[in-house]
Amino acid sequence: MKCFFPVAMALALAVSAELAQSAPSVKDSNAILFCDSTMPPLQFAASEIRRALAAQNLSLVERDLADLDKAGGAGACFVLAAGSGQCQRAAQRLAVPLPAALSIPSTPSFESAQAYSLRKTGGPAPVYIVFAADPVGAMYGALDLAEAIRLGTLSDLKDGDHTPYIARRGIKFNIPLDLRTPSYSDCSDSFQANIPEMWSMDFWREFLDEMARHRYNVLTLWNLHPFPSLVKVPEYPEVALDDVWRTRAPLDDTFSGSGSDMVRPAMLKDVEIVKRMTIGEKIRFWREVMQRARDRGIEVYWFTWNMFVWGAEGKHGITGEQDNPITIDYFRKSVRETVLTYPLLAGIGITAGERMQNRKDEFSKEKWLWKTYGEGIRDALALQPGRPFRLIHRYHQTGQSEILREWKDYPGPFDFSFKYAIAHMYSVTNPPFIKSLLPELPPDKRTWLTVRNDDIYSFRWGDPEFARGFIRAMPGPDKMAGFYMGPDGYCWGREFIDREPETPRQLVMQKQWYSFMLWGRLSYDPTLPDALFERTIAVRFPEVPADQLMKTWAAASKIFPQITRFFWGDIDIRWMPEACLSHPRHKGFYTVRHFIEGDTMPESGILNIRQWRERVLAQRPMDGMTPIEVAGRLRALAEEALAGAARLRPLQGGNKELRLTLGDIEAFAHIGLYYSEKILGAADLALFDATGKTDRRDSAVKHLEAALEHWKRYAAIANAQYKPQLLNRVGFVDRAALTAKVEQDIALAREWKPGTIQLDPKAASRGDRPFAP
């Protein structure tokens with residue numbers, strides 16, 4: 001067996017040789033870090049450098065910047081300078097020119113605060129210097145140094161100037177606070193399991209540190225009505241909730257998709273208290289979370305849907321009626337207290353739905369939102385003049401003109417928010433849905449992009465090409481304020497579906513580290529080379545050749561985008577590619593007939609099966625990618641992934657993470673082959689439907705029998721690694737149990753009668769034109 005461990009060890013030991021090459025003694029071989037350790041971001045930076053060195057059996061000595069005259073001479077030195085004064089002193093004492101590209105105003109902007117310059121002095125004991133306008137920029141530079149130490153590339157580090165490509169790079173986190181203050185997604189296993197984690201400081205320390213490592217700097221927390229779990233409102237004292245509750249009542253897939261029955265009476269009759277906390281302790285808890293976020297350069301926002309009164313209804317006359325003046329006053333006071341209670345809160349995001357009436361009177365959606373959120377924020381800012389507080393108004397279920405009219409007097413930064421790829425970021429790299437909006441944006445306004453990942457919950461994804469292309473296709477900073485990425489249907493807290501869990505259970509961000517690294521790092525700098533990711537894989541999985549694993553992983557990761565742009569279900573309840581599933585109230589499991597009737601993603605350049613059939617029968621040229629070509633592409637990707645995994649399997653050794661990663665790759669591949677055969681079967685069945693030629697039906701049956709075999713392999717691999725789970729947007733997902741649904745496609749094809757699917761009269765003219773890749 002060929003082993004690649006020595007290669008990885010050589011990479012890892014390279015830094016040790018560099019740091020120790022001129023050291024006269026073991027003690028002198030210690031690396032030295034000069035920084036202002038009173039700055040929390042630099043404390044974190046120092047800990048990351050220390051951790052990277054410790055993995056190489058080296059230690060770190062920390063000294064104050066005032067001792068810079070002692071830099072050099074014995075081993076490598078690291079210098080972190082943040083702010084004009086520190087940068088100038090460091091440049092003078094080290095005789096290094098201050099970087100011309102680094103702008104260091106007295107009050108750095110959000111963008112310039114993240115910028116940094118790396119410089120390396122010559123000689124046998126080099127000094128690595130980070131110049132930054134702000135401690136956050138210095139932290140990012142130090143994270144580069146720690147990464148280079150970890151990967152064994154410190155000696156290759158080049159001088160460079162770095163500014164963020166996208167200024168605000170965020171996570172969308174639907175947060176399950178409490179049975180009584182649910183998120184939009186709490187009627188599901190992953191959210192229920194994560195309720196205790198939301199009140200664990202250990203969780204948030206891990207989560208925020210991981211965000212910083214991947215260069216995310218915005219955390220958006222989404223909840224239907226969080227205020228009873230966050231604040232005490234003097235005018236409404238009975239609303240504040242002590243303790244943290246979770247129901248023990250069984251949940252199912254019959255909950256409303258609008259959140260209107262997220263707390264059912266039966267759930268309140270059978271509860272467990274997962275943590276004893278007073279509202280005062282909760283406030284201290286969230287202040288500490290926000291301070292930790294600030295110390296990692298992360299802005300925190302609360303987002304709400306409206307209007308929901310979970311946890312408050314029935315108290316003080318509060319109801320869910322849109323024209324109730326008590327409810328309006330309660331919301332206004334709650335918003336005021338949220339702003340005042342949390343001085344580190346960067347802003348609030350709001351939604352004109354999912355539970356608002358389309359009224360045209362004084363209680364219209366936007367008038368109501370202004371009376372509650374707008375006036376509540378104004379009340380708070382009157383007591384805290386000069387505080388910037390951002391309002392992010394989602395476009396969802398409302399219109400721009402009414403928003404601008406009612407919010408014209410907002411006293412701070414005001415942005416919009418748009419669902420960029422609707423629910424499926426893993427589709428095309430340049431979703432078309434925002435194109436008509438951008439020209440209508442006022443010149444003084446920008447929009448955030450909600451980048452929804454309701455595509456991949458279970459598996460580890462990794463395709464740098466797709467992520468880089470997606471990021472580069474986003475609107476520029478004149479139109480885009482930032483983005484936040486995340487699912488509605490799965491909780492990005494700790495994972496609770498793995499059959500071989502770590503202890504404690506990993507964060508989803510830790511388990512799916514590669515995808516989070518790609519999206520975070522490339523959104524800060526899309527020019528990062530694939531070599532960085534390959535080297536990271538080499539150090540993490542030294543048992544296998546990293547280039548082969550990276551290529552195999554990327555091929556597997558291209559499968560879901562390909563199938564999703566062929567079989568398009570815009571919102572999450574309409575399409576879950578992991579299970580060929582929609583919510584039971586929609587269509588449930590998608591049959592071969594659904595594939596014939598289905599549409600492709602707008603502007604994807606792909607013909608659906610009906611459009612393709614019309615062109616075949618009319619002997620017209622194909623003006624887009626055909627279903628047959630989609631099936632061929634899926635097969636090619638799947639076969640590449642399976643061949644790569646087969647080469648790597650014998651080398652995996654005892655590395656559990658590598659074994660499970662290869663399992664995810666194989667799962668991607670087998671469901672890719674399933675979809676390939678299903679598309680071919682649907683295409684043949686569509687032709688049989690139109691022509692009555694039985695050879696087409698027979699061919700369809702053979703393809704669907706092959707699809708069944710691939711599904712069985714897929715289900716076996718996925719169920720070996722993951723437990724079935726209840727998801728709030730598509731119901732209960734058990735891949736093994738769904739095998740019976742897959743089998744029914746074969747019977748459906750055998751019993752098919754010609755003329756079942758009528759030719760779409762618009763098919764001849766509706767074929768989508770190719771969309772830029």
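This is a predicted model, so every value here is computed, not measured.

What counts as what
Residues numbered from 1 in each chain as written. Predicted model: local features only at pLDDT ≥ 70, side-chain atom pairs only at ≥ 80, totals over all residues. Heavy atoms only, no water. Core = buried A, V, L, I, M, F, W, Y, C linked by side-chain atoms within 4.5 Å. Buried < 20%, exposed > 50% of the residue type's maximum accessible area, 1.4 Å probe, protein only. Helix = DSSP H or I, 4+ residues; strand = E, 2+ residues; numbered from the N terminus. Contact = heavy atoms within 4.5 Å. pLDDT = per-residue confidence, 0-100. Pairing = 2+ DSSP bridges. Axes fitted to C-alpha atoms, helices over the stretch in contact; angles between N-to-C directions. Salt bridge = Lys/Arg side-chain N within 4 Å of Asp/Glu carboxyl O. Expected span 1.5 Å × (residues − 1). Polar contact = N/O pair within 3.5 Å; in protein donor to acceptor, adjacent residues only side chain to side chain. Patch = residues over 30% accessible without salt bridge, like charges linked within 9 Å, V, L, I, M, F, W, Y side chains within 5 Å. Areas by Shrake-Rupley, 256 points an atom, 1.4 Å probe, with all protein chains shown as cover. Phe/Tyr/Trp six-rings, centres within 6.5 Å; stacked < 30°, edge-to-face > 60°. Lys NZ or Arg CZ within 6 Å of the ring centre and 35° of its normal. Disulfide = S-S within 2.5 Å.

Asker: Mind showing me how you'd approach the nonpolar core here?
Answerer: As a rule of thumb, soluble globular proteins bury nonpolar side chains together. Among the nonpolar cores identified, the biggest contains 181 residues, and Phe-173, Trp-204, Trp-286 and Trp-519 are the most heavily contacted of them. A total of 18 residues in this core trace back to one element, the largest contributor, which is helix α23 (residues 656-691). Listed in part, the 35 residues of the second largest apolar core include Ala-52, Leu-58, Ala-76 and Val-130.

Asker: Is there a simple way to think about the side chain of Thr-327 in this case?
Answerer: Relative to the helices and strands, Thr-327 is located in helix α11 (residues 325-341). Judged by its relative accessible area of 0%, Thr-327 falls in the buried class. Setting aside residues up to four positions removed in sequence, Thr-327 forms contacts with Met-307, Val-309, Ile-318, Thr-319 and Glu-321.

Asker: Where do I start with the confidence of the model for the protein in this structure?
Answerer: Parts of the model with low pLDDT should not have their predicted coordinates read in detail. Of the residues in the protein, 94% reach a pLDDT of 70 or more, and the chain-wide mean stands at 93. Scored below 50 in pLDDT, residues 763-773 shows 36 contacts in the model against residues more than four places distant or in partner chains.

Asker: What am I meant to see in the sheet that holds strand β8 (residues 218-223) here?
Answerer: What holds strands together in a sheet is hydrogen bonding between their backbones, with the strands either parallel or antiparallel. Pairing is parallel around the closed barrel formed by 8 strands, whose spatial order is β7-β8-β11-β12-β13-β14-β15-β16. Strand-to-strand twist in this sheet, taken as the mean axis angle between neighbours without regard to direction, amounts to 25°. Pairing analysis gives 5 bridges linking strand β7 (residues 169-174) to β8, with the strands arranged parallel. Along β8, the bridge assignment pairs Asn-174 with Trp-222. Strands in contact with helix α10 (residues 279-295) are β8, β11 (299-306) and β12 (345-354); relative to β11, the strand with the most contacts, it is inclined by about 130°.

Asker: I would appreciate a short explanation of the sheet that holds strand β1 (residues 31-34) in the present structure.
Answerer: Taking strand neighbours across the sheet as the criterion, the 6 strands line up as β2-β1-β3-β5-β4-β6 in an open arrangement whose pairing is mixed. A strand with exactly one partner marks an edge of an open sheet, and here the two such strands are β2 (60-63) and β6 (160-162). Taking each pair of neighbouring strands and ignoring which way they run, the sheet shows an average axis angle of 15°. As defined by bridge partners, β1 adjoins strand β3 (residues 77-82) across 3 bridges and the pair is classed as parallel. If you follow Leu-33 over to β3, its bridge partner there is Phe-78. Of the strands in this sheet, β1, β2 and β3 are in contact with helix α2 (residues 40-54), which crosses β2 at around 160°. Sheet contacts for helix α3 (residues 84-94): β3 and β5 (127-132); angle to β3, the most-contacted strand, approximately 145°.

Asker: What exactly am I supposed to notice about the pattern of salt bridges here?
Answerer: Charged atoms that come close allow side chains of opposite charge to pair. One pass over the structure, following the stated rule, counts 64 salt bridges. With a shortest N-O distance of 2.7 Å, Arg-521 and Glu-147 are connected by a salt bridge. With a gap of 374 residues between them, Arg-521 in helix α16 (residues 513-524) and Glu-147 in helix α5 (residues 135-151) connect regions that are remote in the sequence. Residue classification places Arg-521 among the buried positions, given a relative accessible area of 6%. A salt bridge links Asp-530 to Arg-468; the nearest nitrogen and oxygen atoms lie 2.9 Å apart. Remark: Arg-468 occurs in helix α14 (residues 464-472) and Asp-530 occurs in helix α17 (residues 530-540); sequence separation between them is 62 residues. Residues joined in a network through salt bridges with shared partners are Lys-172, Arg-452, Asp-454, Asp-488, Asp-572 and Arg-729.

Asker: How should I be thinking about α23 in this particular structure?
Answerer: Note on helix geometry: an α-helix contains 3.6 residues per turn, so any two residues three or four positions apart are oriented the same way. For α23, which comprises 36 residues, the first-to-last C-alpha distance of 52 Å matches the rise-based estimate of 52 Å (1.5 Å per residue) to within 8%. Counting buried positions along α23 gives 31 out of 36 residues, so the element sits mostly inside the fold. Where α23 starts, the residue carrying a side-chain oxygen 3.2 Å from the main-chain nitrogen of Glu-657 turns out to be Asn-655.

Asker: Please explain a nonpolar patch on the surface as it appears in this structure.
Answerer: On the surface, Val-616, Leu-617 and Met-622 cluster together into a nonpolar patch covering about 210 Å² of accessible area. Structurally, Val-616 can be placed in helix α21 (residues 609-618). Judged by relative accessible area, Val-616 falls into the partly exposed class, the value being 31%.

Asker: When you look at the environment of Leu-532 in this model, what are you seeing that I'm missing?
Answerer: Within the secondary structure, Leu-532 sits in helix α17. For the pair Leu-532 and Leu-607, spaced 75 residues apart in sequence, the C-alpha to C-alpha distance is 37 Å.

Asker: Is there a simple way to think about unusual backbone geometry in this case?
Answerer: Glycine aside, residues mostly have negative phi angles, and peptide bonds mostly take the trans form. Cis geometry is found at the peptide bond from Asn-306 to Met-307, where omega equals -15°. As for its position among the elements, Met-307 is in the loop between β11 and α11. In this model, Gly-353 is joined to Glu-354 through a cis peptide bond whose omega is 20°. Its place among the elements puts Glu-354 in strand β12. Positive phi is not limited to glycine here, since Ala-95 has a value of about 55°. In this structure, Ala-95 sits in the loop between α3 and α4 (110-113). Of note in the backbone geometry, Cys-580 takes a positive phi value of approximately 50° without being a glycine. Residue position: Cys-580 is located in the loop between α19 (559-566) and α20 (592-597). For Cys-580, a relative accessible area of 0% translates into the label buried.

Asker: Mind showing me how you'd approach the side chain of Arg-735 here?
Answerer: Tracing the sequence through the fold places Arg-735 in the loop between β18 (731-733) and α25 (739-750). When sequence neighbours within four positions are dropped, the list of residues in contact with Arg-735 reads Ser-458, Phe-459, Glu-578, Trp-711, Tyr-714, Ala-715, Ala-718 and Asn-719.

Asker: Explain the packing of aromatic side chains to me, please; I cannot follow it from the model alone.
Answerer: What characterises a pair of aromatic rings is the spacing of the ring centres plus the angle enclosed by the ring planes. According to the stated counting rule, one finds 65 aromatic pairs in the structure shown. Ring centres 6.3 Å apart and planes at 25° place the aromatic pair Tyr-116 and Tyr-524 in the stacked group. Separated by 408 residues along the polypeptide, Tyr-116 in strand β4 (residues 116-120) and Tyr-524 in helix α16 bring together distant segments of the chain. Considered together, Tyr-116 and Tyr-524 belong to a single accessibility category, that of buried residues. Ring centres of Tyr-395 and Phe-418 lie 6.3 Å apart, and the angle between their planes is 80°; on these two criteria the pair is classed as edge-to-face. Placement of Tyr-395 in the loop between β13 (390-394) and α13 (400-406) and of Phe-418 in strand β14 (residues 414-419) is noted, with a sequence separation of 23 residues between them. Residue class for Tyr-395 comes out buried when judged on its relative accessible area of 12%. Its relative accessible area of 16% is what places Phe-418 among the buried residues. Taking the ring centre of Phe-110 as reference, the NZ or CZ of Arg-168 above it sits at 3.8 Å.

Asker: Would you explain the state of the cysteines in this entry?
Answerer: In protein structure, a disulfide is the covalent linkage between the sulfur atoms of two cysteines. Following the criterion strictly, the structure yields 0 disulfides and no others. This cysteine, Cys-87, is not joined by any disulfide, and Cys-35 carries the nearest cysteine sulfur, 13 Å off. According to the relative accessible area criterion, Cys-87 is buried, its value standing at 0%. Left without a disulfide partner, Cys-187 is nearest to the cysteine sulfur of Cys-491, which lies 13 Å away. Cys-187 gets classed as buried once you look at its relative accessible area, which sits at 5%.

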